[in-house]
Amino acid sequence: MKYPLDRRSFIKTVTGAAAVVSLGQLPAAFATGPQLSSQSLGDNLWLFTGAGCNVVACKDSDGVALVDGGLEAQSKELLRRVQKDTGADRVHTLFNTHWHPQQTGSNERLAGTATIIAHENTRLWLEYANPVPPQNKPYGPLPAKARPDKTFYWDSVKTQFGDEPVEYGYLPQAHTDGDVYVFFRKSNVLVTGGPVSNQGWPIIDYRTGGWIMGLDDALKTLVGLADDNTKVVPANGPVMTKADLVAQQRMYADIGGQLGRFMRQSLGPDEVIAKAPAAAYEAKMGDSKLFVDQAFRSLWGHMAPDA
Ligand SMILES: [Zn+2]
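Position labels on residues start from 1 in each chain and follow its written sequence. Residues qualify for local features only when their pLDDT is at least 70, as the model is predicted, and side-chain atom pairs are given and counted only at 80 or more; totals for whole chains, interfaces and linings, by contrast, use all residues.

Novice: I'd like a description of the pairing of strand 11 (residues 164-171), backed by residues and values.
Specialist: Strands qualify as paired when DSSP identifies two bridges or more between them. Every helix listed is a DSSP run of H or I at least four residues long, and every strand listed is a run of E at least two residues long, numbered separately from the N terminus. One ladder, built from six bridges, connects strand 10 (residues 156-161) with strand 11; its direction is antiparallel. What sits directly across from Q160, in strand 11, is P165. The turn joining strand 10 and strand 11, which pair antiparallel and follow one another in sequence, is formed by two residues; a positive phi near 60° is taken by G162.

Next up, the structure:
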């Protein structure tokens, strides 16, 4: 691959770390490394997990296109694994499905060698230090060369990797305001980006343009793209089906409708959380307090209480 492999410095780092702590006291991250694994999604498609988000690789004769890059701390190991499992010697394209660190952690490593594709809003957020929910630790700005260099605004774009027709498109104001899906049409694999989680509730990053009814709209768009055989790859968690997307869309429509009513009653976030509007979904999705708090606050930029 064209990204700097730098095996020697990797070995030096590991052996250096081992020298300063005695055996049996290695920090867990050093002792085990990132728990990366991969599975096939089709003839030339792979799903890599364990790098902070789901990462999909599509191989063609020029190398590999990646949808999302994982966290920076795991990027080197992820790219090694992609090289090993796909047999490709370079990453020629990297999609950032939104600006969060879990998606953009390979940007610096691939800068200058891969075309980085994203929605224009993602590029703009990466020019600044922004708080990453839920901890709100700032992330960014990325160096200019590591920001997306091929952006789009509305609608969808068609391209081709080898014999795989690929469509990517905008999901406005859902998880953030720069969410992108990537659809591998021949293999029938739909990579959803941030609006879909199959590992607990998604974040609604309302500070950078996400909102609950946009999440509902994003699910509707994704449902419209999928058929009963589509392999749906969420941002996190196991591969899903169209039926799973339909269930999530109905869930967000239900919760969003309740939150809208609470807003018109002029309730505050704590009162809304106490009403537990997502209680029916907690068995599958987990504790809903953070999600409800974010979802309710996300309405404030879109609805006046007396509207
Ligand atoms: Zn995210």
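Novice: Lay out the nonpolar core in plain terms, naming residues and giving numbers.
Specialist: Here, a nonpolar core means buried Ala, Val, Leu, Ile, Met, Phe, Trp, Tyr and Cys residues linked by C-beta atoms lying within 7 Å of one another. Here a residue counts as buried when 20 or more other C-beta atoms fall within 10 Å of its C-beta, as exposed when 12 or fewer do, and as partly exposed in between; the C-beta atoms come from the backbone. Core analysis: the largest hydrophobic core is formed by 68 residues, its most contacted members being V56, L66 and I212. Of the residues forming this core, the biggest block, six residues, is contributed by helix 7 (residues 212-225). By definition, residues are in contact whenever their C-beta atoms, placed on the basis of the backbone, come within 7 Å of each other. Setting aside anything within four residues of it in sequence, one finds I212 in contact with I204, Y252, I255, G256, L259, A295, S298 and L299.

Novice: Describe helix 11 (residues 289-299), and please don't skip the residues or the numbers.
Specialist: When we look at burial in helix 11, the residues that qualify are F291, V292, Q294, A295, F296, S298 and L299. Taken together, the buried residues of helix 11 touch helix 7, helix 8 (242-264) and helix 9 (269-274).

Novice: Got a sec to walk through the sheet that holds strand 11? Specific residues and values, please.
Specialist: An order of 10-11-12-13-14 is seen for the five strands of this open sheet, with the pairing classed as mixed. Where the open sheet ends on each side, the last strands, each with one partner, are strand 10 and strand 14 (231-233). Within this sheet the neighbouring strands show an average axis-to-axis angle of 20°, counted without direction. Of the pairings in the sheet, the one linking strand 13 (residues 189-191) to strand 14 comprises three bridges and is parallel in character. Paired with L190 across the bridge in strand 14 is V232. Axis lines are fitted through C-alpha atoms, for helices just across the contact stretch, and the angle between N-to-C directions can take any value from 0 to 180 degrees. In this fold helix 7 packs onto strand 11, strand 12 (179-184) and strand 13, with an angle of close to 10° to the strand it touches most, strand 12.

Novice: Account for the sheet that holds strand 6 (residues 115-119), with residues named and values stated.
Specialist: Strands pair in a sheet through their backbones, by hydrogen bonds, and they do so in one of two ways: parallel or antiparallel. Spatially, seven strands are ordered 1-2-3-4-5-6-9 in an open sheet, and the strand pairing comes out mixed. The sheet terminates laterally at strand 1 (37-42) and strand 9 (150-152), the two strands that pair on one side only. Adjacent strand axes in the sheet meet at a mean angle of 20°, parallel and antiparallel pairs treated alike. Packed onto the sheet, helix 3 (residues 72-86) meets strand 1, strand 2 (45-49), strand 3 (55-60), strand 4 (63-67) and strand 5 (91-95) and runs at close to 150° relative to strand 2.

Novice: Break down the environment of L45 for me, citing the residues and quoting the values.
Specialist: Relative to the helices and strands, L45 resides in strand 2. When residues no more than four places from it in sequence are discounted, the contact partners of L45 are V56, C58, F184, S187 and V189.

Novice: Outline the packing of helix 8 against helix 11, supporting the account with residue identities and numerical values.
Specialist: Relative orientation of the contacting elements helix 8 and helix 11 amounts to 60°, with a least axis distance of 10 Å. Of the possible angle classes, the one that applies to helix 8 and helix 11 is oblique. When the axes of helix 8 and helix 11 are compared, the crossing they make is right-handed. Note on element contacts: helix 11 touches helix 8 through A295, F296 and L299, opposite I255, L259, G260 and M263. Of the residues in the contact of helix 8 with helix 11, the class split is six nonpolar, one polar and no charged. We call two directions roughly parallel when the angle between them is under 35 degrees, roughly antiparallel when it is over 145, roughly perpendicular when it lies between 65 and 115, and oblique otherwise. Handedness of each helix crossing follows the sense of rotation of the near helix against the far helix: counterclockwise by less than a right angle gives left-handed, clockwise gives right-handed. Residues are sorted three ways: Asp, Glu, Lys and Arg are charged, Ala, Val, Leu, Ile, Met, Phe, Trp, Tyr, Cys and Pro are nonpolar, and all the rest, Gly among them, are polar.

Novice: So what's going on with the environment of G301? Which residues, and what values?
Specialist: Here G301 lies in the segment after helix 11. Judged by local crowding, G301 falls into the exposed class, with 11 C-beta atoms found within 10 Å. Note: C-alpha distance between G301 and R207 (94 residues apart in sequence) is 9.7 Å.

Read these as spatial facts, not as claims about activity.
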